[in-house]
Structures are given as C-alpha cells and as structure tokens.
Amino acid sequence: MNLVGRDRIEAFVSIFVTLLPHELSALLYSSSTFFFILSAYFVVLPLRDEGAISLGLGNLPSLFVGSLILTLFAAPLSTLIFSLPNLSKSKALVLIHRFFGVTLVAFYILWLFSTPGSSPFNIKELKVEVSHTNTPNSSSWSNHGWFYVSVRIGLFLWVALLNLITISSTWARVIDVMDSESGSRLFGFIGAGATLGQLCGSLFATGMAWLGPYLLLVSAVLMELAAQSSKGIKKDFLQLPEELSPIREADTDQAEEADNIPGLTQRTTSPKSPASVAKPQFWAILDGLKLILSSTYLLHVSLFLWLSAVVSSFFYFQKVTVIAAAVTDPTGRRRLFAQINSFIAIFILAGQLTLTGRILTFAGVTLAICSAPFVAFANLIALAVWPTWIAVAISETLRKVVTYVVTRPARELLFTVVSQDEKYKAKVCIDVIVQRLGDATAAAMYKLLFSTLSGKASAVSLYALPVCLMWILTAFYLGHRYRQLTADHPSQPVETCRRYGT
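Residues numbered from 1 in each chain as written. Predicted model: local features only at pLDDT ≥ 70, side-chain atom pairs only at ≥ 80, totals over all residues. Heavy atoms only, no water.

- With an unreviewed UniProt entry as reference, the chain is termed ADP,ATP carrier protein, source organism Solanum pennellii.

## Some remarks on the overall build of the chain
Right, on to step 1. Helix and strand content of the chain: 19 helices and zero strands.
Right, on to step 2. Residues classed as buried in the chain amount to 59% of the 502 residues present.
Right, on to step 3. Across the chain, the fraction of contacts at a sequence separation of at least 24, relative to all contacts at a separation of at least 6, is 85%.
Right, on to step 4. Carbon and sulfur atoms make up 68% of the accessible area of the chain, which totals about 20500 Å². (Helix = DSSP H or I, 4+ residues; strand = E, 2+ residues; numbered from the N terminus. Buried < 20%, exposed > 50% of the residue type's maximum accessible area, 1.4 Å probe, protein only. Contact = heavy atoms within 4.5 Å. Areas by Shrake-Rupley, 256 points an atom, 1.4 Å probe, with all protein chains shown as cover.)

## A look at the environment of Leu336
Right, on to step 1. The residue Leu336 is located in helix 12 (residues 330–354) in this model.
Right, on to step 2. Sequence spacing of Leu336 and Ala205 is 131 residues, and the spatial spacing of their C-alpha atoms is 9.8 Å.
Right, on to step 3. In this structure, Leu336 is in contact with Ile323 and Val327, ignoring residues within four places of it in sequence.

## A word on the nonpolar core
Right, on to step 1. With 129 residues, the main nonpolar core has Leu60, Leu216 and Tyr297 as its most contacted residues.
Right, on to step 2. Per-element accounting of this core gives the leading share, 18 residues, to helix 6 (residues 146–177). (Core = buried A, V, L, I, M, F, W, Y, C linked by side-chain atoms within 4.5 Å.)

## Examining helix 13 (residues 356–363)
Right, on to step 1. Along helix 13, the residues that are buried comprise Thr356, Gly357 and Leu360. Relative to the axis of helix 13, the buried residues are bounded by an arc of 100° and lie together on one face.
Right, on to step 2. Gly364 lies just past helix 13 and shows a positive phi near 95°. (Arc of directions from axis to C-beta.)

Structure, rendered in structure tokens:
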C-alpha cells in the first residue's frame, strides 16, 4: 500500500486500538484472514446443522464422538505440515486453508448426488425437496439411504474439523509474530475481524438459505480468500523506527530463520519446556503431547479448554433441541440458525471493537479468563429455573459475547509466554484434540442425563454446575501463573515499547 493510503488506514485503525507503525500490516492481514475463515464457516454451518437434524436428534451426540475420532487422525497431519523442514510456516498455513476449500467443493458434489431428485443445474428442485424432509423426532439413519447418511455425517464432521484446524493454525501464526504486550492491545481488533466474518456469513446464509448445497461453493471461495490473506501475517520490520535499525536488522534475520526452521525456539519458554528440533514425521503431534505433559502450565491450559468445551457443548445441545422442536421446515431451521448467529455477532463485534483491548489492558488476563465461567454458571442456574427458548436465546447470547469479547482473546494471550515449538505443536494439540475431547465428553454426559432425567432440560443444567466451578478455579490458577511467567520472562518487544514510551 502507498504511504498516503497506509497513513489513512493507520489513522482509522488507531481509533479502535493503540497501534505501532510496524504492526499495521500483520494486524490487517490477521483480521482479514479470520474474517474469511469465519465467513466460510458460518455460511455453511446452518446447512451442516440441518443435515445433522435430518438424521435425528438422538444421533447428534454420536456425531460429536465421531468428530473426536476424526480429529485424532487429522490433528497429526496439521502438525506434520508445520514440521516439514522445506516448508515455511506461512506457506503451510496457506496450504491448510486451500485444502479445506477444495474439500468443500467435493462435498458440494457429494451432497447433490446424495439428495433424491436434485440436479447440479436446477436450484428449484432443491427448494421442493427440502420441504418434504422428515421431522427431527421421526428421522433416523434408517429412514435414508447409506449415501445420504454418509454425506450428512461426513459434512458435519468435516466442517467441525475445518473450524478447529484453520482457526487454531492461524492463531498459532498470529501469536508467533506478536508478543504479550502487542497481543493485549491488538487481539480484540483481530477478533473483531472474525466476528465481522461471522456476521457477514450468517447474514448471507439467512438471505440465501434457499440455495442449500450451493452455500458450500460460496464457503470454498471464502476459504481461498483466507489462504491468500494469510500470506501477509508476518512481522513488518521495514516499518520499525530508524532508531531501532540495529534491532530491525537482527530481528529480520531471526524471523527468516524462525520461519523456515521449525525447531528454532524463542527465549521465553513455559516451565519445563524442552528445546527440541521439530521432526517431519506423521506422529509429530506426539511431540506436542510431550510438551504438554512436561509443563504444568500447559496442562492447566488444556484443562481450561476441556472444561470450556464441555460447558459449551451442553448449551449447544439445548439450543438445537429447542429449535428442532419449534421449527419443522428445514429451510426455516437453516434461516433461524443463521439469524441467531447474526444477532449474536452484532453484540460481539461491538464489544471487540470497544471493550476487548481496554479490558485486557486494565483488568488483566485473570479477570478476562474467569468471566466466561462465571457467566456460564449463572446461565445454567437461569436455565434450571426457566427452561424456555427465550432463556436459551438470552443465555446463548450472553455466553458467546463474554467468551469472544473477553475470554477468547485472553486465552490466546496465554500462549504468548511459551516457546515457538509449543505454539505450533502443543497449541494445535490443545486447541484441536482437547477441544474435541471436551465435546465428546459433553455429548456422552448429555445423552445419558437427558435419557435418565426424561428430557428435563432444567435438571440437566444443574448437573453441569460442578464443571463450571472447576472451570472457575482453573481460570484463577492460570491467570496467576501467566502473571508470574510474564514477570519472569519479559519479551524484548515489550521492553522496546516501554523504552520509547508507547
């Protein structure tokens, strides 16, 4: 971008966040990458959920278990890509995004051929077909052919994997080019890009719900745009002040080395983190597990995310159950799912642009990561007292707003005090496998409780309260440990910024 245009963009962005000149490029490309990823995800999400509902609500927990199994096979592949010695991390990220875009095109073809009476060239047939789908309560796998069932199951599992792998890999790249201090200022703006993507994707899915499987093609195009945008997530050393030119030259050399040598670690490491050189092996994810097991800090981060996933999945099952009972038309369900996502995204976007940076800067990481567990605890009590669709809608909005405005950016800050090896190996393992373990655990618990308690949502909510209490205690410990690591191992960029009064 030219100098005048860059100054104008920098002035506009500075309205929302405190920005240094060399941070502008990475900030914009990071934000736009998340925008395209989340747009792609929320464009296809209503179609995925509707396909799952058509197979019967009783089978939904089984799909979460299947998602865990797929993740256990797929996660090592993403780790392998980042471990290849001849492939830079920037190019690896591009390949991951592009791969998922191509697979969405494949699912579009499979969906069409698995849908009775559909044709790739006749959209009207799709509108007629969906209006005769069985109701959720009467649907089951036996009501459909094996090809129909296989494609719906495959899409559900694949979209869940897309969401985890692409977001986790992109965050790993972002925190690799930013430190704790810059992250506390900029992660809110980056998260706003993701939320704007959720809003745009949900609005598009709301207005174009009648397109059905053609939404997969739109999502595939957005994933390719994410791949192109991710190329710009790197440190912009040319924009450092002239008085820091020695640092600029040294950091440029180090960045080139670190971007191409996966085993190179940063000075700041978490407790007991071993300095190892990454090996281009399929089972490289085992290195991530070893890093987690050797660090009490990373173990507690894993526990925090697992508890978060369990509670989130409880809310998800309740939401889907209520909507499936209230709306019987498949197109109407897709539209309602998208409308709810759009409504939530508006509040999240407003909060990320105005509150996230200020909360992380002044309130601190401890308060930020504790906020979501506290809100979830209150929501579970509310649902136990008032188990209606209105309470579900309000609880879902409050939970997601607090999570994405405050807790999620703070959770990413937890990884700014670990080594590069841990960011690309342990973090992907935590974000992907631990997340799916939490989903599968919640699915099993919810299915057991829902059947045992005769479908009483209020009673089911009460059984999740102990999980929230454990989540709160874990958050307090992590916040305290993060402060210790930040004080013991301050990063060079933080010291540089303080030296020049920024």
